[in-house]
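Breakdown of the fold
Chain by chain, the residues:
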Amino acid sequence: QVQLVESGGGLVQAGGSLRLSCAASGRTFSSYAMGWFRQAPGKEREFVGITWSSGNTYLKDSVKGRFTISRDNAKNTVYLQMNSLKPEDTAVYHCAASRVGGATASAYDYWGRGTQVTVSS
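Right, let's walk through the structure included here. (Residues numbered from 1 in each chain as written. Predicted model: local features only at pLDDT ≥ 70, side-chain atom pairs only at ≥ 80, totals over all residues. Heavy atoms only, no water.)

1. What to know about the nonpolar core
The biggest cluster of nonpolar side chains holds 27 residues, and the ones touching the most others in it are Leu 4, Met 34, Trp 36, Phe 67, Leu 80, Met 82 and Tyr 93. When residues of this core are traced back to their parent elements, those giving at least two are β3 (18-24), β4 (33-39), β7 (67-72), β8 (77-82), β9 (91-98) and β11 (115-120). When residues no more than four places from it in sequence are discounted, the contact partners of Leu 4 are Cys 22, Ala 23, Ala 24, Met 34, Cys 95, Ala 96, Ala 97, Tyr 110, Trp 111, Gly 112 and Arg 113. Among the nonpolar cores identified, the runner-up in size contains six residues, and Ala 33, Phe 37, Ile 50 and Tyr 108 belong to it. (Core = buried A, V, L, I, M, F, W, Y, C linked by side-chain atoms within 4.5 Å. Buried < 20%, exposed > 50% of the residue type's maximum accessible area, 1.4 Å probe, protein only. Helix = DSSP H or I, 4+ residues; strand = E, 2+ residues; numbered from the N terminus. Contact = heavy atoms within 4.5 Å.)

2. A few points about unusual backbone geometry
Look at Asn 76: it is not a glycine, yet its phi comes out positive at around 55°. For Ser 84, which is not glycine, the phi dihedral falls at a positive 50°. Considering the arrangement of structural elements, one finds Ser 84 in the loop between β8 and β9.

Quick look at the structure:
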């Protein structure tokens, strides 16, 4: 079993920044692709971005240029740096681990509990 714990969420004004962290247990972190998802009230969970074990990353179009995803395998941690935040970014953000990777929740084996991000106008 892999345990994931997110941190770094909070309340921020539009245009501000937050950095989310996801700490993973175990010693197999580097073999997993790590994804970020978010879920706003009344909305389905949506894919935000992914980093593969190689360090390559992919982000959805709506956050490209504002968000950056990265990983530190030595620390078993993945990050989501969020800049120029907008009210539409308000959601619970989850990290997840996948043996293969992908943009759909079904591809992921382990999930964190989530951290709340609220962006005020």
